[in-house]
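# Architecture at a glance
Spelled out, the chains give:
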Amino acid sequence: MILEAYANTSPKSDLRLLRLLGKKFEGRSFLHINSTRVGGGVAEILHRMIPILNDIGIKTRWEVIEGDPEFFDITKKIHNALQGKPEEITPSMWEHHFEVNRRNSEQISLEADFAFIHDPQPAPLIRFKPEGGRWAWRCHIDLSAPYEEVARRVVDYALQYDAAVFSVAKFARSLPVPEFIVLPSIDPLSEKNRELEKEEIDEIARRFDIPPGKPLILQVSRFDRFKDPVGVIKAWRMVRKYNDCMLVLAGSPATDDPEGPRVLEEVQEFASGDPDVRLLLLPAFSDREINALQRLATVVLQKSIKEGFGLTVSEAMWKGKPVIGGAVGGIPYQIIHGHNGFLVHSVEGAAFRIRQFLNSPEMTKRMGERAREHVRNNFLITRQVRDYLSIWAAVEEPGRTSIMMV
Amino acid sequence: MEQRGPDRLEGPFFEFRQCVKLLKATGKKARDLEELEALINSISPNSIYHHVYEYPLKLIELEYTNDFAHWAGETLEARRLGEALSNIDPYRFASIEDLRKELAREIGEFRKNHTLVQRVLPGEEFYFNETITLVFPAGARARNLAEFLLALKFVDASSIYYHFFEARNRVGINDFSAWLRDALGREELAKRLHEIDLLMHTVAEIRELLASLIEEELRREIEVSQ
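Analysis parameters
- Residues numbered from 1 in each chain as written.
- Chains lettered and ligands numbered in written order.
- Predicted model: local features only at pLDDT ≥ 70, side-chain atom pairs only at ≥ 80, totals over all residues.
- Helix = DSSP H or I, 4+ residues; strand = E, 2+ residues; numbered from the N terminus.
- Rg over C-alpha atoms; globule rule 2.2 N^0.38 Å.
- Buried ≥ 20, exposed ≤ 12 C-beta atoms within 10 Å, placed from the backbone.
- Contact = placed C-beta atoms within 7 Å.
- Axes fitted to C-alpha atoms, helices over the stretch in contact; angles between N-to-C directions.
- Parallel < 35°, antiparallel > 145°, perpendicular 65-115°, else oblique.
- Nonpolar A, V, L, I, M, F, W, Y, C, P; charged D, E, K, R; others polar.
- Domains from an automatic or database assignment.
- Pairing = 2+ DSSP bridges.
- Right-handed = clockwise from strand over helix to strand, strands pointing away.
- Left-handed = near helix turned anticlockwise from the far one by under 90°.

## Structural notes on the overall build of chain B
When its secondary structure is counted, chain B shows 10 helices and 2 strands. Tracing chain B from N to C terminus, the helices and strands come up as β-α-α-α-α-α-β-α-α-α-α-α. In terms of overall dimensions, chain B has a C-alpha envelope of 70 × 30 × 30 Å along the principal axes.

Written as structure tokens, this is what we have:
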């Protein structure tokens, strides 16, 4: 039983409801379609979620659409446009987008009692939906301030679904179909989040030359301006005047961002000559290393100035660390200011809060414990699976405000 | 008041249930008080219900009593309005429509005296949501007061919310008091529980308060029997 593995981590109530939902939909089929099997948060969570769904008795399939490089160039542009960047998608590009989906509809069995179609790449598949079954369009992108011309076309597809699903209310837009909100989640049993043995953590600390005993300030993120790595170093320098501590900035260069290499250079230059600052360029899939670094940290930062949901915040909080985060994107859903961490709006704010944590180990511990509980109750994968199945129950009984599960 | 669940619990057992809320977006948002007032006047009853009656589910420390007050006080920094909206007792109203009018009236009053329009930054708007409630067994049942006390201490917080807060809108009385009165004949204790001011406590505090009242009753009985 895969679900059993979560018995000591996930809230009992989530597991109980999951089993009931499993019973309700036992033997019925649930289909997920997206455009990549590796890389990115969507694929990561689907890898973990599909076995859980099958484990509770729901016949769950995950299909991936295939496309040529032109298709993925187009969908990248669509993605950027939905996030606000003006992009021109010509009629022939839309046609190609549709045509690739049509070809996929001939290759993939679309028969299912319930389906989640993830993001804009496979959205046109709705035109090939077989009779029966219900489909939801799962949008992981912030649609609140898109480039309208492109958004209109995508919304045209969305309107043909039985429901749309967004990650937070502020990413949604007013649509004449039921719109559900499902916050993203982390998997407590994945390599990035599982408990680590002390020896594993120590080995990684040695490998990265992190001395024991010295307070460690950490930010895990891509080297991109929106994560404000220079601001983090500035904040740490302010703190250093009062407290002895070291800073680790760990992440990968932003390869799909033309400014990525320049930002990294800037950060390297800004940090150079300071032995207590470490820039760790980690290769993709360095999950165990990130896990260990988060466990080694005294205080974790996510000082973003623009952010999607920012799940690295929940990852650190799950390890009992209070996080100081920028008050942007999905971060305020995770950090309750003053309760389980701090939201900041400036370099000075970040410095002040770091000092507060370093000077008050009791408060750091207390907030860290609350942080872990907040994640347990709100941001674990079992809750996300629970919500997906609850949406299935809701779209099968439209108009109901209350559903009894017995 | 809108029906939000099954009929009142009856029978000698108390079957604990719990609930989860599935969040729905309306896609509607307010950037300032004028928009907030207009949307409060036009939004679905379900949305008003969610932002007021379901607030205890996310409440961690008692500062406000509903989402509108919270947004006015914290995001708009209209502290006076936050206080005024927090002071509205939603259990005083016979219908969502009456509550809606009172919320809008309070915002309208404030706007008359504060003509400077303050508008929040993108991303900080008030987002009107709704919920669907999934109700399911909490895996605990009680036949007498001692079992009830034990169960009360370990059931999920959403179970306390469902039986103690939400039941008032379903059946006019909290489920615990109804059972204590009807199944156990403990009218006095039922009354004491019913008199607890819901707005003045978090769900966690309510759990402690209920447990201490029941413990007190049980202790008294044990002392009498000795």
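## As for the overall build of chain A
Scanning chain A from terminus to terminus reveals 14 helices and 13 strands. For 406 residues, the compact-globule estimate of 2.2 N^0.38 gives 22 Å, and the C-alpha radius of gyration of chain A, at 22 Å, lies within 12% of that figure. Viewed in the frame of its principal axes, chain A has a C-alpha envelope of about 65 × 50 × 35 Å. Evaluated residue by residue, chain A yields a buried proportion of 46% over its 406 residues. Sequence separation of at least 24 residues holds for 68% of the intrachain contacts in chain A that already meet a minimum separation of 6.

## Quick look at the environment of Leu249 of chain A
Residues and elements named next belong to chain A. When you line up the elements, Leu249 lands in strand E8 (residues 246–251). Under the C-beta neighbour-count criterion, Leu249 is labelled buried, with 24 such atoms within 10 Å. Excluding residues that lie within four positions of it along the chain, Leu249 makes contacts with Gln219, Pro229, Val232, Val267 and Leu279.

## Digging into unusual backbone geometry
What you tend to see is this: most non-glycine residues have negative phi, and most peptide bonds are trans. Backbone geometry places Asp228 of chain A, a non-glycine residue, at a positive phi of 50 degrees. For Asp228 of chain A, the position within the fold is in the loop between strand E7 (216–220) and helix H7 (229–240). Here the phi dihedral of Glu77 of chain B falls at roughly 55 degrees; this positive angle occurs in a residue that is not glycine.

## Here we look at the interface of chain B and chain A
Opposite the 26 residues of chain B that make contact, chain A presents 30 residues. Mapped onto the side of chain B that touches chain A, the elements with two or more residues apiece are strand E1 (14–30) and strand E2 (126–142) of chain B. Among the elements that line the side of chain B that touches chain A, the one with the most residues is E2 of chain B, at 9 residues.

## Structural notes on the packing of helix H6 (residues 198–207) of chain A against helix H9 (residues 287–296) of chain A
Residues and elements named next belong to chain A. Viewed as axis vectors pointing N to C, H6 and H9 meet at an angle of 95 degrees, and their least axial separation amounts to 9 Å. Our classification of the angle between H6 and H9 gives roughly perpendicular. For the pair formed by H6 and H9, the contact residues are Glu200, Ile201, Ile204 and Ala205 on the first element and Glu289, Ala292, Arg295 and Leu296 on the second. In terms of residue class, the contact of H6 with H9 is made up of 5 nonpolar, no polar and 3 charged.

## Things to note about the domain arrangement of chain B
Residue and element names in this part refer to chain B. On domain assignment, one finds that chain B holds domain 1 (14–19 + 134–225) and domain 2 (21–130). A separation of 29 Å is found between the C-alpha centroids of domain 1 and domain 2. Contacts between the two partners involve 10 residues from domain 1, matched on the other side by 11 residues from domain 2. Top contributing element to the side of domain 1 that touches domain 2 by residue count: helix H7 (residues 157–171), with 4 residues. Residues belonging to the side of domain 1 that touches domain 2 are distributed by class as follows: 7 nonpolar, 2 polar and 1 charged.

## A word on the sheet that holds strand E9 (residues 277–281) of chain A
All names here are of chain A. Pairing is parallel in the open sheet, where 6 strands are placed in the order E9-E8-E7-E10-E11-E12. This sheet does not close on itself; its edge strands, each paired only once, are E9 and strand E12 (341–344). Within this sheet the neighbouring strands show an average axis-to-axis angle of 20 degrees, counted without direction. Pairing of E7 with E8 involves 5 bridges; the strand directions are parallel. Residue pairing across strands places Leu216 opposite Met246, the latter belonging to E8.

## Topic: the sheet that holds strand E3 (residues 114–118) of chain A
If you walk across this open sheet you meet the 9 strands as E2(A)-E1(A)-E3(A)-E4(A)-E5(A)-E6(A)-E1(B)-E2(B)-E13(A), and the pairing is mixed. Two strands lie at the open edges of the sheet, namely strand E2 (59–64) and strand E13 (402–404) of chain A, each paired on one side alone. Between one strand and the next, the sheet's axes are offset by a mean angle of 25 degrees, whatever the strand orientation. Of the strand pairs in this sheet, strand E1 (residues 29–34) of chain A and E3 of chain A are connected by 4 bridges, and their pairing is parallel. Within the sheet, the bridge partner assigned to Phe30 of chain A lies in E3 of chain A and is Phe114 of chain A. The strands touched by helix H2 (residues 45–53) of chain B are E1 and E2 of chain B; relative to E2 of chain B, the strand with the most contacts, the crossing angle is about 65 degrees.

## Examining the domain arrangement of chain A
Residues and elements named next belong to chain A. Domain assignment breaks chain A into domain 1 (3–185 + 380–396) and domain 2 (198–378). Averaged C-alpha coordinates put domain 1 and domain 2 at centres separated by 31 Å. Across the contact, 9 residues belong to domain 1 and 9 residues belong to domain 2. Considered class by class, the residues forming the side of domain 1 that touches domain 2 number 5 nonpolar, 2 polar and 2 charged.

## Some points on the pairing of strand E5 (residues 163–166) of chain A
Residues and elements named next belong to chain A. Neither face of E5 is open: one carries Ala163 and Val165, the other Ala164 and Phe166, and all of them are buried. Summarising the sheet, strand E4 (residues 134–138) and E5 pair through 3 bridges and their orientation is parallel. Within the sheet, the bridge partner assigned to Arg138 lies in E5 and is Val165. As a crossover connection, the stretch from E4 through helix H5 (residues 148–158) into E5 is right-handed.

## What to know about the packing of H2 of chain B against helix H5 (residues 96–113) of chain B
All names here are of chain B. Packing of H2 against H5 leaves a shortest axis separation of 10 Å and a crossing angle of 70 degrees. Between H2 and H5, the interaxial angle falls into the category roughly perpendicular. The element H2 and its partner H5 pack so that their crossing is left-handed. Residues Pro45, Ile48, Tyr49 and Val52 of H2 form the contact with H5, whose own contacting residues are Ile96, Leu99 and Arg100. In terms of residue class, the contact of H2 with H5 is built from 6 nonpolar, no polar and 1 charged.

## Some remarks on the environment of Glu4 of chain A
Position of Glu4 of chain A among the secondary structure elements: in the segment before helix H1 (12–24). Spatially, the C-alpha atoms of Glu4 of chain A and Leu15 of chain A are 8.9 Å apart, while their sequence positions differ by 11 residues.

## Details of helix H3 (residues 67–75) of chain B
Residue and element names in this part refer to chain B. Judged by how many residues are buried, H3 sits mostly within the fold: 7 of 9 residues are covered. Asp67, Phe68, Ala69, His70, Trp71, Ala72 and Gly73 are the residues of H3 that are buried. Buried residues belonging to H3 abut H2, helix H4 (79–86), H5 and E2. Just beyond H3, the residue with positive phi is Glu77, at close to 55 degrees.

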